[in-house]
Protein chains: 2
Amino acid sequence: MEYAVAADGDVIDMVSGTPDWEAPEALRAGLKRYADGDSGTFQYPPSEGLLGLQEAIAERRGVDIERVVITNGAGEANYLGMATALKRFSGDEMVMADPVYPYYHKRTEMLDGSPRFVESDSDGTLDPDAVRSVVGDETAAIVINSPNNPTGGVYGRETKRELVELAEKYDALLLSDEVYDRFVYADGAFETALSFDSEHVAVTNSFSKSMAITGFRVGYGVFPPDLVDAIRTRHMLVNVTSSRPTQRAVLDALEETPEAYYEQNPVMLEERARTFCAALDRAGAEYTRPQGGFYVMARFDGYPGTLENTERLIDEAGVAGMPGNAFGETRTDWLRFALVTPRVTEAADRLAAYFS
Amino acid sequence: MEYAVAADGDVIDMVSGTPDWEAPEALRAGLKRYADGDSGTFQYPPSEGLLGLQEAIAERRGVDIERVVITNGAGEANYLGMATALKRFSGDEMVMADPVYPYYHKRTEMLDGSPRFVESDSDGTLDPDAVRSVVGDETAAIVINSPNNPTGGVYGRETKRELVELAEKYDALLLSDEVYDRFVYADGAFETALSFDSEHVAVTNSFSKSMAITGFRVGYGVFPPDLVDAIRTRHMLVNVTSSRPTQRAVLDALEETPEAYYEQNPVMLEERARTFCAALDRAGAEYTRPQGGFYVMARFDGYPGTLENTERLIDEAGVAGMPGNAFGETRTDWLRFALVTPRVTEAADRLAAYFS
């Protein structure tokens, strides 16, 4: 990313995963209303989050409010789930897909756990049988992310059901990071891990992507009843509580934003993905066609996705992606391109021209 | 606190430490301006914080900007300092005063460290010789808080100098939590631990108290050069980054708020402390006269500060404090009263009447 910013000439940024569309209007209005409020409302919210926001989430997710903890983004919710799984369950292994969202294995290492990688299928999803071959008594948690970053794969209901069963069988946590749940493309269906009534399931999410506010840091976790007390305590001892103005603005936006706001964005992203993949076809690239989310992974023949080649692509084609080795071991030849730029068509044409 | 809220009749809340005065006007204006801004400004700030805020803090504290990490309140900064000290230094002990700010020992336990308590002097400060008698190779950090919560003691320059030397001698961290630095009363002087040019000093702070915004969660740490990379990594893996709207509003307030705003609050608190202590004299109580901060600790003869007696005081005197056993072992007979209510005079009269 730094290289792209520093580069001469016009570079199209397909590195970062920050939405390029507008936040809900009600969110801006909510923040302004808050700024004019009584100074008492500027003080600590409850540690587990504003009651109204907890309630709204519990109702939408169909879970008991006690299970909901508002966090500093899904990042903190994932941290809380992973740290607590490592303390509560017997093993020290975290099972996760490769290609991997880098925070998962880096966080595991920080927590003195051991990442255990399972190669994703070519369509970017995870085969439960592959997971079955590595889980065991050493497993503290299985961490999944669907729609997936970086592959764009969307895990189906049957996959999630089998993963829940594995978590139950080996007394581990299935930690399902669902931050892209609002970005499944038209022919897919999203199945939350909360559909399975299991005390081994935690679901994390945030409003960062769905409301285009990655800087607001409003996320949450729905945790198993057995773990939620330990998780609330850890949340309090790490962060005391999350930021209140942003919780208030998100609650206003949640109540007032029409469904149409959320529906338009996956349609736009799917259209961008179609355009981009068509160019990849012209470039003769191998790629995973995304079923949801913000990203496309691609491999160009004779052009492995090293950092050096990523920088060369910036200089010579004017397109910035991410090198595959940022995402583990299995796709080091690949590059990841983020679709969250209005210039996808132009970037696609540049790549097609460069590689043909 | 729950008991006080649920109680019949009129109860004066001297439990919570949330400021009862107004936030700076520029902060409200900054938040509104942010709400109207480009949606690009709603996305991730740098993990270590908005550059402008980092710069403003580095300049005010006279430190290299690389050492400054913006955190989700001083709570997270303390967590980062303590977790990293336990990883980097050989011991697992955290030395801290008793009476203790409860987050310090609870957080130590969460991190699998061992709290090591040193009894505070009767004036609420810490005797470096008492610290010297417990520090050693097992010490990972010495955690101090001045002006102190709960005693109101203000540690002098000589005390801090000796504590820095002890941290250096035993290769440990002196973690100095200075969130009440703007609330030293008239006859005292505040000495930051940053006055000592030492690679063993970390200072944490926040805008929660100084700007009356405990719910905004904008704090920071100034960490030793040797530790700051590990701390930035941990901050990223736990929280990704802190909330951006509140950082922006705090930066605006920092630039535009006159010094008079900050100067009036310790004057008001000292006046409240004087009123309250005069009533304690009438009640025949023992107490620590605060030199700064938000709190007064007191002991009433024949009325130990148990939870039961704290609740009885709510019911019979209409004043809510905190029981002493919330703050460790040495002052279980005491109660803590917070001065951040406009009704201090009334509360003082109630206590004087009740106990005389």
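Residues numbered from 1 in each chain as written. Chains lettered and ligands numbered in written order. Predicted model: local features only at pLDDT ≥ 70, side-chain atom pairs only at ≥ 80, totals over all residues.

Here's the deal with the relation of the copies chain B and chain A
Using the following cut-off: The fit set for superposing copies consists of C-alpha atoms from residues with pLDDT of at least 70 in both; the fit itself is least squares. Residues are scored as being in contact if the C-beta atoms we place from backbone atoms lie within 7 Å.
For the pair chain B and chain A, the superposition axis carries a translation of 0.0 Å, the fit reaches an RMSD of 0.0 Å, and the rotation angle comes to 180 degrees. Taken together, the rotation and translation describe the operation of a two-fold axis. Closest approach to the rotation axis among the C-alpha atoms of chain B is made by B:K32, whose C-alpha sits 2.5 Å away. An overlap of 100% is found between the interface residues of chain B and their copies at the interface of chain A, pointing to a shared contact surface.

A few points about the sheet that holds strand β7 (residues 201-206) of chain B
Residue and element names in this part refer to chain B. Here is the rule we go by: Any two strands with at least two DSSP bridges between them are considered paired. For the purposes of this entry, the term helix denotes a DSSP run of H or I that reaches at least four residues, the term strand denotes a run of E that reaches at least two, and both are numbered from the N terminus. Axes, fitted as lines to C-alpha atoms, cover a helix only where it is in contact. Angles between the N-to-C directions of the axes lie from 0 to 180 degrees.
Spatially, the seven strands line up as an open sheet ordered β2-β8-β7-β6-β5-β3-β4, and their pairing is mixed. Each of the sheet's edge strands pairs with one partner strand only, and the pair in question is β2 (68-71) and β4 (114-119). Strand-to-strand twist of the sheet, defined as the mean angle between neighbouring strand axes without regard to direction, takes the value 20 degrees. Helix α5 (residues 102-110) contacts β3 (93-98), β4 and β5 (139-145) of the sheet and is inclined by roughly 155 degrees relative to β4.

Concerning the domain arrangement of chain A
Frequently, the measure chosen for interface size is the accessible area that the parts lose on association. Residue and element names in this part refer to chain A. Stated precisely, the cut-off is as follows: Start and end positions for the domains come from either an automated domain assignment or a database one. Any residue that is not Ala, Val, Leu, Ile, Met, Phe, Trp, Tyr, Cys, Pro, Asp, Glu, Lys or Arg is counted as polar, Gly included; the first ten are nonpolar and the last four charged.
Looking at the assigned domains, one finds that chain A contains domain 1 (2-22 + 260-355) and domain 2 (26-256). Distance between the C-alpha centres of domain 1 and domain 2: 26 Å. With 26 residues of domain 1 at the interface, the matching set in domain 2 holds 28 residues. Contributing elements (two or more residues each) for the side of domain 1 that touches domain 2: α10 (259-282) and β10 (295-299). No other element matches the five residues that α10 contributes to the side of domain 1 that touches domain 2. The residue makeup of the side of domain 1 that touches domain 2, split by class, is twelve nonpolar, nine polar and five charged.

A look at the interface of chain B and chain A
Counting residues at the interface gives 38 residues for chain B and 38 residues for chain A. Secondary-structure elements contributing two or more residues to the side of chain B that touches chain A are α2 (25-35), α4 (73-88), α5, α8 (225-239) and α9 (244-256) of chain B. When grouped by side-chain class, the residues that make up the side of chain B that touches chain A number 16 nonpolar, twelve polar and ten charged.

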